[in-house]
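# Understanding the architecture of this molecule
Spelled out, the chains give:
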Amino acid sequence: MSTAAAFGQLSNVMEVVSPDNKITVSFWLQNRQPFYRVQHGQTVALQDSKLGVVREDVDLSQNLTLLDFSKLEKVKDSYEILTSKRKKNTYLANRKTAHLQGANGEKMDIIFQVSNDGVAFRYYFPGTSKDVKMIKEEVTSFRLKQDAKAWMQPMSDAKTGWSQTNPSYEEHYLKGVPVGTPSPLKAGWVYPALFQTGDTWVLLSETGMDGSYCGTRLRQNAPKGEYQVGFPQEQEKYPGNVLNPQSTLPWLSPWRLVTVGSLKTIAESTMGTDLAPAAVKMDMSFIKPGQASWSWGLLKDDSIVYDVQKRFIDYSAKMKWEYCLIDVNWDTKIGYDRIKELADYAKTKNVGLILWYNSSGTWNTTPYTPKGALVTPEARRKEFARLQQMGIKGVKIDFFGGDGQSVMQYYLDILKDAADYQLLVNFHGCTLPRGWQRTYPNLMTMESIKGFEFVTFEQPNADEQAAHATMLPFTRNVFDPMDFTPLNLSEIPGKVQRKTTKGFETALSVLFTSGIQHYVETPTGMAQVPTFVQDFLKEVPAVWEDSKFIEGYPGKSVVMARKGNNRWYVAGINGELQEKTLTLDLSFLAKKTANLITDTADKTSLQQKSVKLPADGKYSVTLKPNGGFVMEF
């Protein structure tokens, strides 16, 4: 039965169906207000939800007239990306547009595209204008059934946290809570937000950020399961600059993403990059994903000295890793001249250096340097030119000021300038990437997560790490590269005790995707690891050709398969405190032989063995509490 039948006496209902006919989005006006609904098979994934925006010059969420619907268009796009879970991607979708008019003749289009993994929609304001139009509110909502469950991360309030550095997407997730549960923080909830309604899973996010809109989030309260798009808090802007969306016409909003299907659909989806703008033109010769050593993760500020960094360069070379990251205060503790010496030395070892920078001018009180060197275009380009001359390969830029439109534009300005000087980029203390890695291929990764450094800060973070990590292939790391900085195979200096096993930590090298994977383990710690583990970590691919979801449940466990360098890797982790035996369906690898690395019986070390899959590809693996494994075929 057509979903239009569900709308009773409503006329002029527009439907767009996915190419495989499994997903339908319906759009209509009711009392001159725009609504939509998303259906997956027989399940209503999103109930009647609101659309529209309120501009300062006109309210385009009510008193609308339908002009017409466009004809069905088929959309096809193919692209390659080096920093995602799948190198070669093809996007197929069906598109229709609703052409609307406000009470005084103002035009607004709502564009819907439906692919086999979900629904995307965006607003378009046609025409031309010299005056700037400003959006005060986006009425867009996502209404779930009230018996649905949610896995969501609270959005931290602006200017809270250490040295007023929030928000930076660094909270723990609430897992499996009732839909409508208020966020414990006023700022609301971050994307991606995950829901389960019946047997259908829904992931909400956004992409297509070009600097003409702020980054958004879901509001704190969702009465009756209806989540509304929210704008940043007042302090989340470049000082003296723009917070909420404003632009001249014509004007396109970012895409709102509703990924729909099974957990496999969610974990394998590439909607976040499928709908991002294509790569800008740049010299691609310097864009080389890889792995990096990093001293600060475990050894902190005292490690940022010449001799220690030289040792970490040697460590990268020994492990066949492409990069070494030199973190905070290098400008005062080592200095530009001696950094140039290290860069020259690293070059002889086939290792590139990445240098840390503080993004901020006045928007936080962080003490770390270099600080302020990137704030203005002139200073930034001068600094980047100097780094290029020194032979530096990339920059890690930290402590951004929120999701206001002017801050989002600041990110893009940095990416553009960095590309001109052939510098790779890693953003930290930052917003969500939202597909930028496709548009700007020099963006290797972004933090935007409560990563391993937080485990080293406090025991409660270490206690939560295993469950937290099993959330990420279904949420933060679904579309975008994530600099979690994994791989601790020794003790954490100080009082914090890691609660995950070495098998768990080793699995993260495959499970988490990042254009540059910064490993937290030190040369001393790595020397204590069995040779077969070191050999494995020397060969983990930097670029993934394909990825498959094998098994899992957010907050409990996850197993993924990834293909790189023409070999398949299967990695899994247990996020709970009880031992589990999983029977994996690896039928696509039937009869193949793998090297299995997993925890020893006493969980103190790692063991390896050769296993051959049977003809049906079924394989049972036992995971220790907070344990993990990896298989290399």
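Residues numbered from 1 in each chain as written. Predicted model: local features only at pLDDT ≥ 70, side-chain atom pairs only at ≥ 80, totals over all residues. Heavy atoms only, no water.

## So, the overall build of the chain
- Of regular secondary structure, the chain possesses 14 helices and 37 strands.
- Taken over C-alpha atoms, the radius of gyration comes to 24 Å for the chain, in line with the 26 Å a tight globule of 633 residues would show.
- Judged by the C-alpha coordinates and their principal axes, the chain covers about 70 × 60 × 40 Å.
- Considering the chain as a whole, with its 633 residues, one finds that 63% of them fall into the buried category.
- Of all intrachain contacts in the chain linking residues separated by at least 6 positions in sequence, the fraction that spans at least 24 positions is 70%.
- About 22800 Å² of surface is accessible on the chain, with carbon and sulfur atoms providing 47% of the total.
- When the 73 basic and 68 acidic side-chain charges of the chain are each reduced to a single mean position, those positions are 3 Å apart. (Helix = DSSP H or I, 4+ residues; strand = E, 2+ residues; numbered from the N terminus. Rg over C-alpha atoms; globule rule 2.2 N^0.38 Å. Buried < 20%, exposed > 50% of the residue type's maximum accessible area, 1.4 Å probe, protein only. Contact = heavy atoms within 4.5 Å. Areas by Shrake-Rupley, 256 points an atom, 1.4 Å probe, with all protein chains shown as cover. Lys, Arg positive; Asp, Glu negative; His and termini not counted. Charge placed at Lys NZ, Arg CZ, Asp CG, Glu CD.)

## What about the packing of helix α7 (residues 377-390) against helix α8 (residues 405-420)?
- Close contact between α7 and α8 brings their axes to 9 Å; oriented N to C, the two are set at 35°. The way α7 lies across α8 gives a crossing that is right-handed. For the pair α7 and α8, contact is made by R380, R381 and F384 and by Y410, D413, I414, D417, A418 and D420, respectively.
- In terms of residue class, the contact of α7 with α8 is made up of four nonpolar, no polar and five charged. (Axes fitted to C-alpha atoms, helices over the stretch in contact; angles between N-to-C directions. Left-handed = near helix turned anticlockwise from the far one by under 90°. Nonpolar A, V, L, I, M, F, W, Y, C, P; charged D, E, K, R; others polar.)

## Notes on the UniProt feature "domain: Glycosyl-hydrolase 97 catalytic" (unreviewed entry) in the chain
- According to UniProt, the feature "domain: Glycosyl-hydrolase 97 catalytic" (unreviewed entry) maps to residues 300-448 in the numbering used here.
- Here residues 300-448 is 43% helix and 16% strand, with 20 Å between the C-alpha atoms at its ends. (UniProt positions renumbered as here; feature names shortened; annotations may be inferred.)

## Some thoughts on the domain arrangement of the chain
- You can read the domains of the chain as domain 1 (14-275), domain 2 (290-538) and domain 3 (562-632).
- The centre of domain 1, based on its C-alpha atoms, is set 37 Å off from the matching centre of domain 3. (Domains from an automatic or database assignment.)

## Re α8
- Its 16 residues place the ends of α8 23 Å apart at the C-alpha level, agreeing with the 22 Å of an ideal helix rising 1.5 Å per residue.
- Burial analysis of α8 places 12 of its 16 residues in the buried class, the great majority of the element.
- Taken together, the buried positions of α8 are Q405, S406, V407, M408, Y410, Y411, L412, I414, L415, D417, A418 and A419.
- Positioned one or two residues after α8, Q422 has a phi angle of 55°, which is positive. (Expected span 1.5 Å × (residues − 1).)

## Describing the pattern of salt bridges
- Going through the model one piece at a time under the given rule, you end up with 32 salt bridges.
- One salt bridge in this structure joins E206 and R256, with 2.4 Å as the shortest N-O distance. Of this pair, E206 sits in strand β17 (residues 200-207) while R256 sits in strand β22 (residues 255-261), placing them 50 residues apart in sequence.
- A relative accessible area of 1% means that R256 is categorised as buried.
- Where salt bridges share partners, they join E138, E206, R217, E236, R256, D403 and R434 into one cluster. (Salt bridge = Lys/Arg side-chain N within 4 Å of Asp/Glu carboxyl O.)

## Details of the packing of aromatic side chains
- In the structure shown here, the tally under the stated rule is 37 aromatic pairs.
- Relative to F427, the ring of F400 has its centre 5.2 Å away and its plane inclined at 85°; by these criteria the two rings are edge-to-face. Placement of F400 in the loop between β26 (394-398) and α8 and of F427 in strand β27 (residues 424-427) is noted, with a sequence separation of 27 residues between them.
- By the ring-pair criterion, three or more aromatic residues cluster together here, those being Y238, W363, F400, Y410, Y411, F427 and W436.
- Between K300 and the ring centre of W296, over which it is positioned, the NZ or CZ distance is 4.4 Å.
- Sitting above the plane of the F588 ring, K548 keeps its charged end 5.3 Å from the centroid. (Phe/Tyr/Trp six-rings, centres within 6.5 Å; stacked < 30°, edge-to-face > 60°. Lys NZ or Arg CZ within 6 Å of the ring centre and 35° of its normal.)

## Thoughts on the side chain of S205
- As for its position among the elements, S205 is in strand β17.
- Not counting residues up to four positions away in its chain, the partners in contact with S205 are Y191, P192, W255, R256, L257, L432 and F479.

## So, the pairing of strand β4 (residues 43-50)
- Relative to β4, strand β3 (residues 33-40) runs antiparallel, the two sharing five bridges. Opposite Q39, over in β4, you have V44 as the bridge partner.
- If you look at the hairpin formed by β3 and β4, you'll find two residues sitting between the two strands, and G41 has a positive phi there, around 60°. (Pairing = 2+ DSSP bridges.)

## Quick notes on the sheet that holds strand β32 (residues 567-574)
- With antiparallel pairing, six strands are arranged side by side in an open sheet as β30-β31-β32-β37-β34-β35. Two strands bound the open sheet, and with one partner strand each, they are β30 (546-553) and β35 (606-612). Sheet twist, expressed as the mean angle between neighbouring strand axes with direction ignored, is 15°.
- Bridging between β30 and strand β31 (residues 557-564) involves seven bridges; their strand directions are antiparallel.

## A look at the environment of G494
- Considering the arrangement of structural elements, one finds G494 in the loop between α11 (459-471) and α12 (502-511).
- Between the C-alpha atoms of G494 and L298, which are 196 residues apart in sequence, the distance is 9.7 Å.

## Section: the UniProt feature "domain: Glycosyl-hydrolase 97 N-terminal" (unreviewed entry) in the chain
- Here the UniProt feature "domain: Glycosyl-hydrolase 97 N-terminal" (unreviewed entry) sits at residues 16-276.
- As a span, residues 16-276 carries 4% helix and 48% strand, and end to end its C-alpha atoms are 21 Å apart.

## Thoughts on the side chain of K450
- In this structure, K450 sits in the loop between β28 (443-446) and α10 (452-457).
- Of the side chains bearing the opposite charge, E171 lies closest to the buried K450, which forms no salt bridge; the N-O distance is 4.9 Å.
- Polar side-chain contacts of K450 include one of 3.1 Å to the backbone oxygen of E170.
- Discounting chain neighbours no more than four positions away, the residues touching K450 are Y169, E170, E171, H172, N461, H468 and F484. (Polar contact = N/O pair within 3.5 Å; in protein donor to acceptor, adjacent residues only side chain to side chain.)

## Quick notes on the sheet that holds strand β5 (residues 53-55)
- Taken together, four strands build an open sheet; the order of strands is β6-β5-β12-β20 and the sheet is antiparallel. Each end of this open sheet is capped by a strand with a single partner; those strands are β6 (59-60) and β20 (246-247).
- Here strand β12 (residues 133-138) runs beside β20; their pairing, made up of two bridges, is antiparallel. Directly across from M134, in β20, lies its bridge partner Q246.

## With respect to the nonpolar core
- By size, the foremost hydrophobic cluster in this structure holds 127 residues, and its most contacted members are Y357 and F427.
- Examining the composition of this core, we find that nine residues originate from one element, α8, more than from any other.
- For F427, the contacting residues outside a window of four places in its chain are I397, F400, Y411, I414, L415, L443, T445, M446 and E447.
- Membership of the second largest hydrophobic core comes to 54 residues, among which are V16, A45, F125 and W189. (Core = buried A, V, L, I, M, F, W, Y, C linked by side-chain atoms within 4.5 Å.)

## Looking at the environment of Y123
- Tracing the chain through its elements places Y123 in strand β11 (residues 118-125).
- Taking the C-alpha atoms as reference, Y123 lies 33 Å from K548; in sequence the two are 425 residues apart.
- Not counting the four nearest positions on each side in its chain, Y123 is found in contact with L51, G52, V53, M108, D109, I110, E138, T140, W251, L252 and S253.
- A distance of 2.5 Å separates a polar atom in the side chain of Y123 from a polar atom in the side chain of T140.

## Section: unusual backbone geometry
- With an omega of 5°, the peptide bond between N166 and P167 qualifies as cis.
- Inspection of the secondary structure puts P167 in the loop between β14 (149-152) and β15 (174-178).
- Following T369, the chain continues into P370 via a peptide bond in cis, with omega recorded as 0°.
- Topologically, P370 is positioned in the loop between β25 (352-358) and α7.
- A positive phi angle, near 55°, is found at N63, a position not held by glycine.
- In this fold, N63 is placed in the loop between β6 and β7 (65-69).
- Overall, the relative accessible area of 39% leaves N63 in the partly exposed class.
- If you check the backbone angles, Y169 has positive phi at about 60° while not being a glycine.

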